[in-house]
Structure formats: structure tokens, C-alpha cells
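# Descriptive analysis of the structure
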Amino acid sequence: MKKTVAIVTYVSKGNFDTNTADENKILGDLLDQMGISNELVAWSDPDADWSKYSCLLVKSVWDYFDYYSEFLTWIDEMKKLEIPVLNDLEILRWNSNKDYLHQIEAAGFDVIAGKSLERGSKVDIKELFSGLEGEEFVFKPKISGGAKNTFRVKREDGLGFEEKLNALLENEDFLVQPYIKEVAEVGEYSLLFFNSKFSHAVLKTPAQNDFRVQHYFGGKIKQIEPNSEMMAMAEKLVKAYGTDSLYVRVDGIWRNNRFFLMELEMIEPYLFLDEVPKAKENYAAALKSRLIDQLQIPSTAWA
């Protein structure tokens, strides 16, 4: 039986892993404590022999959107090998394009989905804004992460942004979403689930005069206890879309006494393992259930 588990990561250029804990190392340490052999492997490594691994734990493929066609090819190649992958390869494919937000919205959930702007189209910004409510908007690529090419634009400044937007649309699809003032005033909530079971939650607040909550832009993180309505919404989302997933992160905002989904992170989310005391314990329990109990991967600790 193949014994080694691959922790699937990326080739770091320092863009997304500053001001934060090394969760690849944390995962490796947890597997070591369980007596499970493991190796760190970049998904894009041309020399990687994926067939030798007993399972692929997709942890931090944080550059997939910069090499998207290659990433989709990698998914197809992994499917051919029929190796267990967590999260599931089709979940990764589905979650890699923010079109999934429209699918969730169509299913009746409260979602900040926005309006699609298709690649190759030419946008008349006045016409676009005439069909949108609000005075500020956020533009982001459908395939992206880390707030790459994400812009906050006021209605009054739209004409000045039109040329830049149309240049970006030559290469990729975009979403335009209403600017959510609650993100700047309160923050964005993240609820973490392992094997569909709630683990922990945090509130992410942006740096002063910013709207991006990511820690590498100066955002702050604190542990919180979600209210019952927030928890109920998150549990419904996980039940609908993530029941077979090792990890799901439900990101959203609290507005008008309702929880609105911003992102359902199931491909490579930061899990706040070092920021919440019980997070590592919960993650370890989920890993043991999947790897040792279900997949029966050899463990020296439970030999």
C-alpha cells in the first residue's frame, strides 16, 4: 500500500503568505503526530510523481488563478490517477470560478453574487451603472484570489475606470458587485467546517481606509462566536454544497439581520489554524477520520 500523503501547495513568491502562520507546516506537523508519512508538493511541479501518493491534501494552491488552464489540466491528470483527493477534484473545479455564486443565489440563498461581465465584451460604464443600485462598486475577476485585480469604484468615477475595465475584460471574465459598507465598518465573517462539522469562526476586519480583509493587506483577525442565524445559514450551505469536503470556509457579512454569503471557500482557504486555539485539534480529528479511519492510510501512531 502507498503510504505517503502529498500536501499540495504552490511555488511561493511571497504574495499571499506574509503576516500569517505557515499552515502547510502546521498540517505537516499534525500528520507527523499521527504517524502519517507526508511530503509538500507544488501542484505545478513538472517532476512530481503523483502516482506514488496515497492521498492528495489540497492545502494552498494559491497561484492557480495565474495559471488557470494549467491548473485545470492538472485536475484532469489527477482524475486519471484515481487517487483520493481532499477536497474532491470536481469541487475544486467548480469552486475555482466565481460563477458558482450565481448558482447558489439561484438556489434561494442570500448571496452577494453581483453581475457578470464576460471576457471580450465592451462595457459602457454609464449603461452598466444605470442598472445597479448604490454609489460604490467592487470589480473582481471571476477566477482570482488574494484580491488580485480587485477595484473599488465610485459611481462618479466610473468613466475614468471604463478604459481600464475594458482592457482587463480582453483577458478574463469579471464580476461587479455592490460595495458592502459592512465589510469596512464591521468586517467579514468566516465560519470554518471540517467534515461538515462546525469548528470555529473569525471576524476579519480591513486596515484603515481599505476594503480588503486579507491579512497580507493588513487585515486583522479575531475569534468570534457566530449567532444562531449566521450558523444556520452556514450549515445549510455546507449541507447543500460541501458534505463530502474535508474543509469548507463560509465567508459572509451580517446585513439587515441576515447573513449574506460572499464566498464559499472550498479550494485553498486559509483556515486560521494558529489564530484559534481549538482549530488544530478539530482539524486533526477530521484528518484522522478521513485518512486513517476511512482511507486506512498506514499510521505508526495507531499501528
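Above this text you will find the structure in question.
I will try to describe carefully the structure that is included in this document.

What counts, and at which threshold
- Residues numbered from 1 in each chain as written.
- Predicted model: local features only at pLDDT ≥ 70, side-chain atom pairs only at ≥ 80, totals over all residues.
- Heavy atoms only, no water.
- Helix = DSSP H or I, 4+ residues; strand = E, 2+ residues; numbered from the N terminus.
- Contact = heavy atoms within 4.5 Å.
- Polar contact = N/O pair within 3.5 Å; in protein donor to acceptor, adjacent residues only side chain to side chain.
- Buried < 20%, exposed > 50% of the residue type's maximum accessible area, 1.4 Å probe, protein only.
- Expected span 1.5 Å × (residues − 1).
- Arc of directions from axis to C-beta.
- Pairing = 2+ DSSP bridges.
- Axes fitted to C-alpha atoms, helices over the stretch in contact; angles between N-to-C directions.
- Salt bridge = Lys/Arg side-chain N within 4 Å of Asp/Glu carboxyl O.

The subject of this paragraph is the environment of Ser116. Tracing the sequence through the fold places Ser116 in strand β5 (residues 115-117). Considering only alpha carbons, one finds Ser116 and Lys220, 104 residues apart in sequence, at a separation of 30 Å. When residues no more than four places from it in sequence are discounted, the contact partners of Ser116 are Asp99, His102, Lys142, Phe174 and Leu175. Side-chain polar atoms of Ser116 contact the side chain of Lys142, separated by 3.1 Å.

Another aspect to go through is unusual backbone geometry. Residue Leu86 is joined to Asn87 through a cis peptide bond whose omega torsion reads -5°. Structurally, the position occupied by Asn87 is in the loop between β4 (85-86) and α3 (89-95). A positive phi angle is found at Gln296, which is not glycine, with a value near 55°. By the secondary structure assignment, Gln296 is in the segment after α9 (279-294). With relative accessibility at 55%, the residue Gln296 sits in the exposed group.

Moving on, we get to helix α2 (residues 68-81). Helix length check: α2 (14 residues) gives 20 Å between terminal C-alpha atoms against 20 Å at 1.5 Å per residue, within 8%. What α2 keeps buried is the set Tyr68, Phe71, Trp74, Ile75 and Met78. Mapping the buried residues of α2 onto a view down its axis gives an arc of 110°, with all of them on the same face. Where the residues of α2 are buried, they touch β1 (5-9), β3 (55-58) and α3. Backbone geometry just after α2 places Glu82 at a positive phi near 55°.

Here we take up the sheet that holds β3. The strand order across the open sheet built from four strands is β2-β1-β3-β4, with neighbouring strands paired in parallel fashion. Strands at the two margins of the open sheet, each flanked by one partner only, are β2 (38-42) and β4. In terms of strand pairing, β1 meets β2 through five bridges, oriented parallel. Paired with Ile7 across the two strands is Leu40, which belongs to β2. Packed onto the sheet, helix α1 (residues 23-33) meets β1, β2 and β3 and runs at close to 170° relative to β1.

Turning our attention to the pattern of salt bridges. With the rule as written, the count across this model stands at 23 salt bridges. Notably, a salt bridge pairs Asp99 with Lys142, separated by 3.0 Å at the nearest N-O pair. On the criterion of sequence distance, the pair formed by Asp99 in the loop between α3 and α4 (100-106) and Lys142 in the loop between β6 (136-141) and β7 (151-154) is long-range, its members being 43 residues apart. Residues joined by salt bridges that share partners form a network here, namely Glu188, Lys204, Arg249, Asp251 and Glu265.

All we've got here are geometric facts, nothing functional implied.
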